[in-house]
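Observations on the model geometry
As a plain string of letters, each chain reads:
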Amino acid sequence: MTLIEEATVLLEKMPQKKQLMAVDFLRMISNNSNRSENKDMKQKAAPFKRTGLSDFNLPDDFDEHFDDLNSEIASLFSGDNE
């Protein structure tokens, strides 16, 4: 089943009031995306400011050992002290 077919089935099961709300929502998203696309086209020439540039001094083998840090990083979020 395609996405459009699935959406159609779901919309058919909804009460008419909710169908109208869904259509209004889709229109709102469509209008906002059209505006943002136009805005993006105008800003294409401007450089992206948040590139993450910094003065980090990472070791040369950082990429090779990055995955080794998974358990340590996970413990920071879960509170586990292994």
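See the structure shown above.
Computed from a predicted structure; not experimentally measured.

**Section: the overall build of the protein**
- Looking only at helices and strands, the protein features 4 helices and 0 strands.
- Listing each helix as α and each strand as β along the protein from the N terminus yields α-α-α-α.
- Counting the 82 residues in the protein, one finds 1% classified as buried.

**Structural notes on a nonpolar patch on the surface**
- A grouping of F66, L69, I73, L76 and F77 is seen on the molecular surface, where their side chains present a nonpolar patch of about 530 Å² in accessible area.
- Among the secondary structure elements, L76 is positioned in helix 4 (residues 70–78).

**Topic: a negative patch on the surface**
- The grouping of D60, D61, D63 and E64 at the surface amounts to a negative patch.
- With respect to the secondary-structure elements, E64 resides in helix 3 (residues 62–65).
- For E64, a relative accessible area of 63% puts it in the exposed group.

**Quick word on the pattern of salt bridges**
- Summed over the entire model, instances satisfying the criterion amount to 1 salt bridge.
- The partner of R27 in a salt bridge is D24, with the nearest N and O atoms 3.7 Å apart. Pair noted here: R27 and D24 are both in helix 2 (residues 16–43), with a separation of 3 residues, about one helical turn.
- For R27, a relative accessible area of 53% corresponds to the exposed category.

Analysis parameters
Residues numbered from 1 in each chain as written. Predicted model: local features only at pLDDT ≥ 70, side-chain atom pairs only at ≥ 80, totals over all residues. Heavy atoms only, no water. Helix = DSSP H or I, 4+ residues; strand = E, 2+ residues; numbered from the N terminus. Buried < 20%, exposed > 50% of the residue type's maximum accessible area, 1.4 Å probe, protein only. Patch = residues over 30% accessible without salt bridge, like charges linked within 9 Å, V, L, I, M, F, W, Y side chains within 5 Å. Areas by Shrake-Rupley, 256 points an atom, 1.4 Å probe, with all protein chains shown as cover. Salt bridge = Lys/Arg side-chain N within 4 Å of Asp/Glu carboxyl O. Lys, Arg positive; Asp, Glu negative; His and termini not counted. Charge placed at Lys NZ, Arg CZ, Asp CG, Glu CD.

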